[in-house]
Amino acid sequence: MELTKQPQTEVEYWKAIEGLGGYFWSTNHGLRHGHIEDKDGEVAKSIEDARKISERLVVELGEKFGVIHPRDCPRVGPGQPVPPPPDGKVYYRDWYNRMKESCYREDYEGIICSACPFSEGLQPMISLGGVVPCGIFQGRLYKLIAPYKCGMLGMVGWNTEKLYVEIIMEAGRNALMQFQKKEKEIRDNLAQKPQ
């Protein structure tokens, strides 16, 4: 396993570390529960490669951005305050949480859910690790088909007309106008991006 692109920014580092962690967790889970076979040891090697790459990226964070490696963070007892980091440094967990909130906030603002009265909001999206915070959908939406398209469209008889009626019933005509404005904004932003 190798990275397709070396991260440069803090956001790119966070996304790479998060992606590797997700791969590591889900693949380990699949192995433990017998969903994945590894007769030749290639899957185990891939997991170890992901762990090593993630470790290397955390070390690079310290060198480039002053992020203190988790093994170097102070250990304190329950209820004890963590001493402040040295000037120009940040503890890994604080950095990770700041980047998580920043990245999910950007993701949330870029999807139609951010203008929907049925959305449970940004904080549930953050706490659920990027799951679309829909208060109507029974289950979990991990991504939208398109960022401007409600995840309920095509589900159990929902179409655009039904969605708009439900928005009006839930929050009024102004809410629908805000929703439609956001739809247009997202579509326009996508149309301006180079292919």
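Above this text you will find the structure in question.
Procedures and definitions
Residues numbered from 1 in each chain as written. Predicted model: local features only at pLDDT ≥ 70, side-chain atom pairs only at ≥ 80, totals over all residues. Heavy atoms only, no water. Helix = DSSP H or I, 4+ residues; strand = E, 2+ residues; numbered from the N terminus. Buried < 20%, exposed > 50% of the residue type's maximum accessible area, 1.4 Å probe, protein only. Polar contact = N/O pair within 3.5 Å; in protein donor to acceptor, adjacent residues only side chain to side chain. Contact = heavy atoms within 4.5 Å. Core = buried A, V, L, I, M, F, W, Y, C linked by side-chain atoms within 4.5 Å.

Draft legend 1. Geometry of the side chain of E60. With respect to the helices and strands, E60 occurs in helix α2 (residues 42-65). Residue class for E60 comes out buried when judged on its relative accessible area of 14%. Looking at E60, its side chain comes within polar contact range of the side chain of Q6, at 2.7 Å. Side-chain polar atoms of E60 contact the side chain of R56, separated by 2.7 Å. If we skip the residues at most four places from it in the chain, E60 touches Q6, Y13 and F65.

Draft legend 2. Structural detail: the environment of Q123. For Q123, the location among the structural elements is in helix α4 (residues 122-127). Given a relative accessible area of 46%, Q123 falls into the partly exposed group. Considered as a pair, Q123 and E18 are 105 residues apart in the sequence and their alpha carbons are 18 Å apart.

Draft legend 3. Representation of the nonpolar core within the structure. If you look at the biggest cluster of nonpolar residues, it comprises 43 residues, and the most contacted ones within it are Y92, W95 and L163. Elements represented by at least two residues in this core include exactly α1 (10-32), α2, α3 (92-109), α4, α5 (160-171) and α6 (173-192). Of the residues forming this core, the biggest block, seven residues, is contributed by α3. Look past the residues within four positions of W95 in its chain and what remains in contact with it is E10, Y13, W14, I17, L61, V67 and V90.

Draft legend 4. Geometry of the side chain of S46. Summarising the element assignment, S46 is placed in helix α2. For S46, the residues in contact, after removing those within four places along its chain, are M1 and Y23.

So, to be careful, I would describe these as geometric facts and stop short of saying anything about function.
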